[in-house]
Amino acid sequence: MLTAEQWTEKLVEVVAHASTQLPPDVMDALKRGRDAEEEDSLARKALDSIVLNVEMAKGAWQPICQDTGTPLFFLHHPVGMSTRMLVGAAEEAVRRATAKQLLRPNAVDPLTEKNTGHGQAPGIPTVKCEEWDGEGVEVKLILKGGGSENCGAQYTLPNTALKADRNLEGVKRCILDAIYKAQGKGCAPGIIGACFGGDRGSGYVESKRQLLRPLPDHNPIPELDAMEQDILEKGNQLGIGPMGFGGKTTILGVKIGYLGRLPACFFVSISYMCWANRRAGARIAPNGEVTWLS
Ligand code: SF4
């Protein structure tokens, strides 16, 4: 197996991929959105600028947005591998990627209000480790911009104002309300990751895990798949559009998961991801060979 130093360098590679390019499915969705907007509309111009910006960043290995966000690593590792080592490697990878300007120094100590200067602080990056029976390690990473994080929301059902009960219709009302309230902030067109059930902490984690899913995939649960398609359609009928300029492209995708809940609680946790849906995945074999995932 690789050493901690070698793991660190592998994770820097994953950060570089995530920071400087968009997954092809996200680019395709942005281009489809641009082509659907009216000629000469602000919406079309905004999406044109976004696509051009991403294309320019890719060749130059430069971050596609000035805010490189919070890195969230989701790792699967073989039985017996040290999660402490993997977390340490991820933290060091963030510091090195920041020194290489692949990430912005993005970590502020809220007590002193000073920027740590190297992109890492307690809780940054977030690293979730899970054991699996596979060989090697699977790394999935998202870089989640601060503007989009501000647009996340958590609801408790029932919700009288939304006439939302403890059922799938109630969940749908909450998600559509969150899209409406974002009003293009957090850099629309966005992608919605949502979770119903769980507690206040686990619900948000699962909502972020949903953001790892490629846009064209389908939820294996038919009711949730139908709800994802329905919210995508209704969300885009709100007319908010890219950056809130009006138009047909307010969201690019909706991904919904669920967790068990306590009888007393029914949370709907929603994470809003901006158009800069920086998502990278890799399988790293025991000999260090990297296979990139879509
Ligand atoms: S919300 Fe996303 S696109 Fe907007 S500034 Fe932040 S990272 Fe960039």
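Just so you know, these numbers come straight off a predicted model, no measurement behind them.

Thresholds, definitions, all that
Residues numbered from 1 in each chain as written. Predicted model: local features only at pLDDT ≥ 70, side-chain atom pairs only at ≥ 80, totals over all residues. Heavy atoms only, no water. Helix = DSSP H or I, 4+ residues; strand = E, 2+ residues; numbered from the N terminus. Rg over C-alpha atoms; globule rule 2.2 N^0.38 Å. Buried < 20%, exposed > 50% of the residue type's maximum accessible area, 1.4 Å probe, protein only. Contact = heavy atoms within 4.5 Å. Areas by Shrake-Rupley, 256 points an atom, 1.4 Å probe, with all protein chains shown as cover. Lys, Arg positive; Asp, Glu negative; His and termini not counted. Charge placed at Lys NZ, Arg CZ, Asp CG, Glu CD. Near = heavy atom within 4 Å. Nonpolar A, V, L, I, M, F, W, Y, C, P; charged D, E, K, R; others polar. Pairing = 2+ DSSP bridges. Axes fitted to C-alpha atoms, helices over the stretch in contact; angles between N-to-C directions. Phe/Tyr/Trp six-rings, centres within 6.5 Å; stacked < 30°, edge-to-face > 60°. Expected span 1.5 Å × (residues − 1). Polar contact = N/O pair within 3.5 Å; in protein donor to acceptor, adjacent residues only side chain to side chain.

Chemist: Honestly, the overall build of the protein chain in this entry has me stumped. Any pointers?
Modeler: The secondary structure content of the protein chain amounts to eight helices and 11 strands. Relative to the globule expectation of 19 Å for 294 residues, the C-alpha radius of gyration of the protein chain, 19 Å, shows essentially globular dimensions. Relative to its 294 residues, the protein chain shows a buried fraction of 51%. Taking all contacts inside the protein chain whose residues are at least 6 apart in sequence as the whole, residues at least 24 apart take part in 78%. As displayed, the protein chain has an accessible area near 13,600 Å², and 54% of this comes from carbon and sulfur atoms. For the protein chain, the distance from the average position of its 33 positive side-chain charges to the average position of its 35 negative side-chain charges is 4 Å.

Chemist: Explain the site of the ligand here, please?
Modeler: Around the ligand, the neighbouring residues are Cys-65, Gln-66, Asp-67, Gly-145, Gly-147, Ser-148, Gly-186, Cys-187, Cys-274, Trp-275, Ala-276 and Arg-278. Taken together, the residues that form the shell around the ligand break down as five nonpolar, five polar and two charged.

Chemist: Would you explain the sheet that holds strand E5 (residues 137-144) in this entry?
Modeler: Sheet strands pair by backbone hydrogen bonding; their relative direction is either parallel or antiparallel. Read across the open sheet, the five strands follow the order E4-E1-E5-E10-E11; overall the sheet is mixed. In this open sheet, the two edge strands, each paired with only one partner strand, are strand E4 (126-132) and strand E11 (290-293). Across the sheet, the mean angle separating the axes of adjacent strands is 20° when strand polarity is ignored. Alignment of strand E1 (residues 70-78) against E5, held across seven bridges, turns out to be antiparallel. Residue His-76 lies in a different strand from E5, and its bridge partner there is Glu-138. Running over the sheet, helix H4 (residues 83-99) touches E1 and E4 and is turned about 150° from E1.

Chemist: Can you help me understand the packing of aromatic side chains in this one?
Modeler: Between two aromatic rings, the relevant description is the distance of the centres plus the angle of the planes. Counted by the stated rule, this structure contains two aromatic pairs. Geometrically, the ring pair formed by Phe-196 and Tyr-258 is stacked, given 5.7 Å between the ring centres and 25° between the ring planes. Residue Phe-196 is found in strand E7 (residues 190-196), and its partner Tyr-258 is found in strand E8 (residues 251-258); the two are separated by 62 residues along the sequence. Using a relative accessible area of 12% as the deciding quantity, one classes Phe-196 as buried. Residue class for Tyr-258 comes out partly exposed when judged on its relative accessible area of 47%. Between Phe-196 and Phe-266 the ring centres are 6.4 Å apart and the planes differ by 15°, which places this aromatic pair in the stacked class. Taken together, the positions of Phe-196 in strand E7 and Phe-266 in the loop between E8 and strand E9 (267-273) put the pair 70 residues apart, joining distant regions of the chain. In textbook terms, an aromatic cluster arises when at least three aromatic residues are bridged by ring pairs, as seen for Phe-196, Tyr-258 and Phe-266.

Chemist: Would you mind showing me how to read the sheet that holds E8 here?
Modeler: Here four strands make up an open sheet; going across it, the order is E6-E9-E7-E8 and the pairing mixed. Of all strands in the sheet, those with a lone pairing partner are strand E6 (153-156) and E8, marking the two edges. Each strand axis lies, on average, 15° off the axis of its neighbour in the sheet, ignoring direction. In the packing of helix H7 (residues 200-209) onto the sheet, contacts are made with E6, E7, E8 and E9, and the angle to E9 comes to roughly 40°. Contacting E7 and E8, helix H8 (residues 222-236) crosses the sheet at an angle of about 150° to E8.

Chemist: Even after reading the chapter, I still don't get the pairing of E5, so can you show me in this structure?
Modeler: A regular strand places its side chains on the two faces of the sheet in alternate fashion. Within E5, seven of the eight residues are buried, which leaves it mostly tucked inside the rest of the structure. Here seven bridges tie E5 to strand E10 (residues 278-284), and the two strands are oriented antiparallel to one another. Residue pairing across strands places Lys-140 opposite Gly-281, the latter belonging to E10.

Chemist: Is there a simple way to explain H8 in this structure?
Modeler: Three- or four-residue spacings in an α-helix give side chains the same orientation, since the helix completes a turn every 3.6 residues. Compared with the 21 Å implied by 1.5 Å per residue over 15 residues, the 21 Å span of H8 between its first and last C-alpha is a close match. Taken together, the buried positions of H8 are occupied by Leu-224, Asp-225, Met-227, Glu-228, Asp-230, Ile-231, Gly-235 and Asn-236. Lining the buried residues of H8 we find helix H6 (168-182), E7 and E8.

Chemist: What exactly am I supposed to notice about H7 here?
Modeler: Every buried residue of H7 is accounted for by Gly-203, Glu-206, Ser-207 and Lys-208. Measuring from the backbone nitrogen of Gly-201 back to the side-chain oxygen at the start of H7 gives 2.9 Å, which picks out Asp-199 as the cap.

Chemist: Help me understand the environment of Gly-244 in this model?
Modeler: Mapped onto the elements, Gly-244 comes out in the loop between H8 and E8. Judged by relative accessible area, Gly-244 falls into the partly exposed class, the value being 36%. Sequence separation between Gly-244 and Met-273 is 29 residues, and the spatial gap between their C-alpha atoms is 15 Å. Setting aside residues no more than four positions away along its own chain, Gly-244 makes contact with Gln-183 and Gly-184.

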